[in-house]
Amino acid sequence: EVQLVESGGGLVQAGGSLRLSCAASGFVFDDYAIAWFRQAPGKEREGVACISTNSGVTYYAESMKGRFTISSDNAKNTVYLQMNSLKPEDTAVYYCAADEVGLLLHQDEYRYWGQGTQVTVSS
């Protein structure tokens, strides 16, 4: 059974940093792309970044470049999202997703999802 478990969310002041983790199990980690998405209240879910755990190649949504960094630790079957210089508009539930796809940030391409972790940035 594929499982994705996010952690690391919380409340942070604007300008602060958080590192989210996505612990994966139930599949061959190196064969999958893993992505981060987020959904703010009243808004559609949007892609943040994704990584090929096999090659380490990453892809970011244009608006996420520069402040967010996705990385993976294949020995731990875990993908991270380092978020710096956080802004109130980054407040959202952050989800990780996995599937045997290329570097895509279209949510319809991903079959497996975690339960999400809340990130709240105060002004």
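Draft legend 1. Geometry of the overall build of the protein. Along the protein, the regular secondary structure elements total 0 helices and 11 strands. Along the protein, from the amino end to the carboxyl end, the secondary structure elements read β-β-β-β-β-β-β-β-β-β-β. At 13 Å, the protein has a C-alpha radius of gyration in line with the 14 Å of a compact globule built from 123 residues. The dimensions of the protein, computed from C-alpha atoms along their principal axes, are 40 × 30 × 25 Å. For the protein, the residues scored as buried account for 44% of the 123 residues in total. Here the analysis covers contacts within the protein between residues at least 6 apart in sequence; of these, 58% occur between residues at least 24 apart. Charge-centre separation for the protein: the mean point of 9 positive side chains lies 9 Å from the mean point of 14 negative side chains.

Cut-offs applied
Residues numbered from 1 in each chain as written. Predicted model: local features only at pLDDT ≥ 70, side-chain atom pairs only at ≥ 80, totals over all residues. Heavy atoms only, no water. Helix = DSSP H or I, 4+ residues; strand = E, 2+ residues; numbered from the N terminus. Rg over C-alpha atoms; globule rule 2.2 N^0.38 Å. Buried < 20%, exposed > 50% of the residue type's maximum accessible area, 1.4 Å probe, protein only. Contact = heavy atoms within 4.5 Å. Lys, Arg positive; Asp, Glu negative; His and termini not counted. Charge placed at Lys NZ, Arg CZ, Asp CG, Glu CD.

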